Amino acid sequence: MNTLLTFSLPLLFSSLVWSGYLEYDQDVLIPDDWNHGGRVDPTDQLELTFALKQQNSDLLESILGLVSDPDSGLYGKYLTLDEVSSLVRPSKLTQKVVHHWLQSHGITNCRTVHTQDFLQCSMTAADAEKLLPGSNFHRYTRDGHSVVRSSAPYSVHDDVHEHLDFVGGLHRLPPKGQDLSQASSHREMKQSEAGVHLGVTPAILRARYNLTAADVGTAQNNSQAVAQFLEQYYSPADLAEFMGMYGRSFQHLSQVDRVVGTQGQGKAGIEASLDVEYIMSTGANISTWVFTNPGRHESQEPFLQWMFLLSNMSDLPWVHTISYGDDEDSLSTAYMMRINTEFMKAGVRGVSLLFASGDSGAGCRHLGKENSFRPSFPASSPYITTVGGTSFKNPFKVTYEVTDYISGGGFSNVFKMPDYQASAVDGYLKTAATTLPPQAYFNISGRAYPDLAALSDNYWVVINKVPVPWVSGTSASTPVVGGMLSLINDQRLLQGLPVLGFLNPRLYKLKGKAMFDVTEGCHLSCLDEQVQGKGFCAAPSWDPVTGWGTPNYPELLAALLAE
């Protein structure tokens, strides 16, 4: 039904003037866990985001390659926001056509960003439905949170079609975060079999990855950030309690320096707490920002709001870690391509973006009688660093690591394999040829992920003043890797070197040097006769379950300080 809906609509409407479907392949079906709250009132205010066509995106990609490649003469020569703006800013014609189109519908309450490639406009639901034929705004609720979205695809007038990438605020619902019961329930079987497990704390991470008490930040011009898009917030009291309990052996900060956006009310969220507590205990003593839902309007897409902010801030933290993802097949290609350009805009400025690889292994998409693996985005983007997950081989000791069976990984169905990883992936495909899943399940030429990994199993988190065990997922491993990269940035800044920026080209050139290679275990996938729940398996060197493995911090520091 899903496929039928998304592919038949453009044919149906192609004879009309309003043939301009910007996102013809966007899934518009509302998931079952959202409750329908009825049509919005025509006078209700909406806030929509218009992504204007940019210039020079090919040049932007070339520049990203040059500033991120340690063998290039331009390595580390990052651009300012002004320079990025002059590169990608939409043409005068594009700006004129879009503004005129909006004004002709009485829409004048708009704000732009420094790069002028986004417009965020307020309008009534009635005006929005006239502006975007086909759109149909309804209210939906889940777990006490309310959003406004269109239940049908939208189109734009032919005159503006070529000047826009997409319109945000009509589709794409916020994904569901894990709650405490989910965080621990999928581990309880293992727990009861193995007996008492003390779990992962900052001290355990420091022992495993060889960080000493001296490995803390000291540079003045260094900072790191977590960004989260669920209706959650972190609690400053919980962070202080966590550092008091688990941070005694190393110098640290006990409070966030800057919150960008508006924190929600009510109880602290587990993912927000996890992100902040572990980036600040691994990247210890480094100024930390939290990007949170910025005064979120019901019709805004929280992830898009963060992208909007990045295009508007001249000073940004050097490392961002994000535990967020959606199924690639639920998003329009136009949307993902544009988000990739936004990632490139951050990369050419020297910002390292780390995304969690997801907690569904290879994933599974059911297409009639046939199944295939289900990649996740942004994990599958070629322009970010994706972090998978591992477990200790012996749950009682700081031992070597094996695959965490939930660790997201695989091959994109949308983005081709980038050059920087081609030989590593080719090596894996040859090494693992006899144990690979059937080729019908994955796109052998797609961007392969993750790029590296860290422990993702059985963390302690302080939430609502109480230490809680068994919190798991790649949303744990991602801030841990982010914190280590911040420490390496710290040392680079102290030596007058540029920050790491987009890490992948350099990471793949290391060919596994300075990493603990993970070679045991497989992650989960489709429960069917052919693959029987098994996705890809770890192998020597790079693999699509744990990437290059987990960081041996002192060796990685030495490798990434070498010029």
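Residues numbered from 1 in each chain as written. Predicted model: local features only at pLDDT ≥ 70, side-chain atom pairs only at ≥ 80, totals over all residues. Heavy atoms only, no water.

J.: For this particular structure, what's the right way to read the sheet that holds strand S6 (residues 145–150)?
T.: On the basis of which strands lie adjacent, the open sheet formed by 3 strands has the order S1-S5-S6 and antiparallel pairing. Each of the sheet's edge strands pairs with one partner strand only, and the pair in question is strand S1 (35–39) and S6. Each strand of the sheet is rotated relative to its neighbour by a mean of 30 degrees, with strand direction disregarded. With 6 bridges connecting them, strand S5 (residues 137–142) and S6 associate as antiparallel partners. Paired with Arg142 across the two strands is His145, which belongs to S6. (Pairing = 2+ DSSP bridges. Helix = DSSP H or I, 4+ residues; strand = E, 2+ residues; numbered from the N terminus. Axes fitted to C-alpha atoms, helices over the stretch in contact; angles between N-to-C directions.)

J.: I would appreciate a short explanation of the state of the cysteines in the present structure.
T.: Disulfides are covalent bonds that link the sulfur atoms of two cysteine residues. Applying the stated criterion to the full structure yields 3 disulfides. In this model Cys110 forms its disulfide with Cys121; the gap between the sulfur atoms is 2.1 Å. The S-S bond linking Cys110 to Cys121 shows a torsion near 110 degrees; that makes this disulfide right-handed. With Cys110 in strand S3 (residues 110–112) and Cys121 in strand S4 (residues 118–124), this residue pair connects regions lying 11 residues apart in the sequence. Disulfide pairing is shown between Cys364 and Cys526; the S-S distance is 2.1 Å. Its S-S torsion of approximately 110 degrees makes the covalent link between Cys364 and Cys526 right-handed. A residue pair is termed long-range when its members are at least 10 positions apart, and Cys364 in the loop between strand S13 (352–356) and strand S14 (365–367) and Cys526 in the loop between strand S25 (522–524) and strand S26 (534–537) qualify at 162 residues. Assigning the bonded cysteines of the protein consecutive numbers by sequence position, one obtains the connectivity 1-2, 3-5, 4-6. (Disulfide = S-S within 2.5 Å.)

The quantities given are spatial measurements derived from coordinates; they are silent on function.
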